[in-house]
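Letter by letter, the chains look like this.
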Amino acid sequence: MAIELDRDEYIGHLEKAAKLKDTAAKLGADFAKDGIKRVFLVGCGAPNREMGAIKYFLDRDIKTVEFYLYFPAEFVHQAPAKLDEDSLIVLASHSGTTPEILETAEFIKPYGCKVAAVTQFDDSPLAKAVPNSLCYGKSDHGYMAKFILLLAFLAGFVKEAEDWDLAEKVLENLELLPEILFDTAVLNDKRAIEEARLYHEDDYVMVLGAGPCYAAAYVTCVCVMMEMQWMHTFTGEAAEFFHGPFEVVLPDVPVMVYVGEDESRPITERVIRFCKKFTERLIIYDSKDFEMKGIDKEVRPIFAPFVLEAATSRLMEHLAVWHNHPLSARRYMWKFDY
């Protein structure tokens, strides 16, 4: 059996991040008071995708500040021309030791940019390299803890910069998120056990999402199925499904679709309509099926990708048991320099 969920342990790993949300919001507001015109969100893998999920809503709503999303290696090698003293660089890394992130922290020094970081420990190389760090402490749920602090930081920033009308609701609702994530994981466990039984022999799974929910699709596919289970999977934007990927959908091909509550929802609904015709193995995770007790309806779309990630995390854990392959196992990562 997969490790059973322990409420106190689960929520405890998110507790510090939740307590720091107001500190994070104030730090964001202080940066906005400095007249920041551009924000560069920089991270690898899962941190990059969760930044992208937040950026979706900022791009939708914010007119006076530009937001950019980069993988750190691309950021350093491209050296964006708009980098200057009016730029804010936000770096995110769970371990605080990611080489590309540390290279970025060094790279930006000559540009006079403002910089902030979100990471696990205040004695990590990243926290030491950046004057303004938000550290959520030891956590087995760093993806969620990081999201809480990134969202609070950016909500505080845009509240000050442009009086974002959702900022206060976001910050209030963040207090509820740890409990909601735990409840979601527990309530989805029975379904996850059955899906793990049905799909554990499949080496190929297509995982799709649109808008902010592409973050959930990417993290599930790349950061768990590929990295942690060594499965030969594919992830893609649902908006591009009909420009190549749909050609490999067959009756026995599993297709997993994450559906949110934002403006991108019709994109995934179109994908689902197609897949219902051409595969018998369609897995749909729709955020509307999850209660998110107490969350304001305007905030639900922002939280949706992470609630869905909490739900399907149980599927990944049960798959790991069927595969006899712990989620901590790696073939190359951390084994040598590369």
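Residues numbered from 1 in each chain as written. Predicted model: local features only at pLDDT ≥ 70, side-chain atom pairs only at ≥ 80, totals over all residues. Heavy atoms only, no water.

### Topic: the overall build of the protein
Along the backbone of the protein there are 13 helices and nine strands. For the C-alpha atoms alone, the extent of the protein along its principal axes is close to 55 × 45 × 45 Å. Out of the 338 residues in the protein, the part that is buried amounts to 56%. Partitioning the intrachain contacts of the protein with sequence separation of at least 6 by distance along the chain shows that 78% fall at a separation of at least 24. For the protein, the accessible surface area stands at approximately 15300 Å², while carbon and sulfur atoms represent 53% of it. (Helix = DSSP H or I, 4+ residues; strand = E, 2+ residues; numbered from the N terminus. Buried < 20%, exposed > 50% of the residue type's maximum accessible area, 1.4 Å probe, protein only. Contact = heavy atoms within 4.5 Å. Areas by Shrake-Rupley, 256 points an atom, 1.4 Å probe, with all protein chains shown as cover.)

### A word on the state of the cysteines
Counted under the stated rule, the structure contains zero disulfides. Cysteine C213 is unpaired, with the sulfur of C221 as its nearest cysteine sulfur at 15 Å. Left unpaired, C221 is separated from the closest cysteine sulfur, that of C223, by 9.1 Å. Given a relative accessible area of 0%, C221 falls into the buried group. (Disulfide = S-S within 2.5 Å.)

### Digging into the sheet that holds strand 3 (residues 87-92)
Pairing is parallel across the open sheet formed by five strands, whose spatial order is 2-1-3-4-5. Pairing within the sheet leaves two strands with one partner each, and these edge strands are strand 2 (66-70) and strand 5 (133-135). The sheet shows a mean angle of 15 degrees between the axes of neighbouring strands, direction not considered. Note that strand 1 (residues 38-43) and strand 2 share five bridges and pair parallel. The residue bridging F40 from the neighbouring strand is Y68, located in strand 2. Packing against the sheet, helix 3 (residues 45-61) makes contact with strand 1, strand 2 and strand 3, and its axis sits at approximately 160 degrees to strand 2. (Pairing = 2+ DSSP bridges. Axes fitted to C-alpha atoms, helices over the stretch in contact; angles between N-to-C directions.)

### Some thoughts on the environment of I11
Mapped onto the secondary structure, I11 falls in helix 1 (residues 7-19). Filtering out sequence-adjacent residues up to four positions away, I11 remains in contact with P178, E179 and F182.

### So, unusual backbone geometry
A positive phi is found at D163, a non-glycine position, where the angle reads about 50 degrees. You can see D163 is positioned in the loop between helix 7 (142-162) and helix 8 (167-174). In this structure, W230 takes a positive phi of about 55 degrees despite not being glycine. For W230, the location among the structural elements is in the loop between helix 11 (214-226) and strand 7 (234-237).

### Section: helix 12 (residues 265-278)
End to end, helix 12 covers 21 Å across 14 residues, agreeing with the expected 20 Å (1.5 Å per residue, within 8%). Where helix 12 is buried, its residues meet strand 6 (206-209), strand 8 (255-259) and strand 9 (282-286). (Expected span 1.5 Å × (residues − 1).)

### Observations regarding the pattern of salt bridges
Scanning the model with the defined rule gives 26 salt bridges in all. Of the charged contacts, one joins D163 and K159 as a salt bridge, the two residues approaching to 2.6 Å between their closest N and O atoms. A residue is classified by how much of its surface remains accessible, and D163, at 49% relative accessible area, is partly exposed. E317 is paired through a salt bridge with R314; the nearest N and O atoms lie 2.3 Å apart. Linking E317 with R314, this pair stays in helix 13 (residues 300-323), spanning three residues, or about one helical turn. In this structure E317 comes out as partly exposed when scored by relative accessible area, which is 24%. (Salt bridge = Lys/Arg side-chain N within 4 Å of Asp/Glu carboxyl O.)

### Observations concerning the layout of surface pockets
Size it by volume and the second largest pocket reaches roughly 180 Å³. For the second largest pocket, the full set of lining residues is I180, D183, T184, L187, N188, D289, F290, E291, M292 and K293. Split by residue class, the lining of the second largest pocket holds four nonpolar, two polar and four charged. (1 Å grid on protein atoms, 1.4 Å probe; cavity = no way out; pocket = protein on both sides within 12 Å on 5 of 7 lines; lining within 4 Å. Points joined across faces, edges and corners; volume = space filled by probe spheres on them. Nonpolar A, V, L, I, M, F, W, Y, C, P; charged D, E, K, R; others polar.)

### Comments concerning the nonpolar core
Of all hydrophobic cores here, the largest spans 89 residues; its most connected members are V39, F153, F157 and F303. Look past the residues within four positions of V39 in its chain and what remains in contact with it is V65, E66, F67, Y68, L88, V90, L154 and F157. (Core = buried A, V, L, I, M, F, W, Y, C linked by side-chain atoms within 4.5 Å.)

### Points about helix 8
Within helix 8 the residues assigned to the buried category are A167, V170, L171, N173 and L174. Each element contacted by the buried residues of helix 8 is listed here: helix 2 (21-33), helix 7, helix 9 (177-187) and helix 13.

### Section: the packing of helix 9 against helix 13
Helix packing geometry: the angle between the two helix axes and the distance between the axes. Two elements in contact, helix 9 and helix 13, have axes separated by 8 Å at closest approach and are oriented at 40 degrees. In terms of orientation, helix 9 and helix 13 fall into the oblique class. Considering only the axes of helix 9 and helix 13, their crossing is right-handed. Side by side, helix 9 and helix 13 meet where L177, I180, L181, T184 and A185 of the first sit next to F303, F306, V307, A310, A311 and R314 of the second. (Parallel < 35°, antiparallel > 145°, perpendicular 65-115°, else oblique. Left-handed = near helix turned anticlockwise from the far one by under 90°.)

### Things to note about the packing of helix 10 (residues 189-199) against helix 13
Two numbers describe how helix 10 lies on helix 13: the axes approach to 8 Å, and their chain directions differ by 40 degrees. Put simply, helix 10 runs oblique to helix 13. Handedness of the helix 10/helix 13 crossing: right-handed. Together, D189, A192, I193, E195, A196, R197 and Y199 of helix 10 and R314, L315, H318, L319 and W322 of helix 13 make up the contact between the two elements. Class assignment for the residues of the contact of helix 10 with helix 13 results in seven nonpolar, one polar and four charged.

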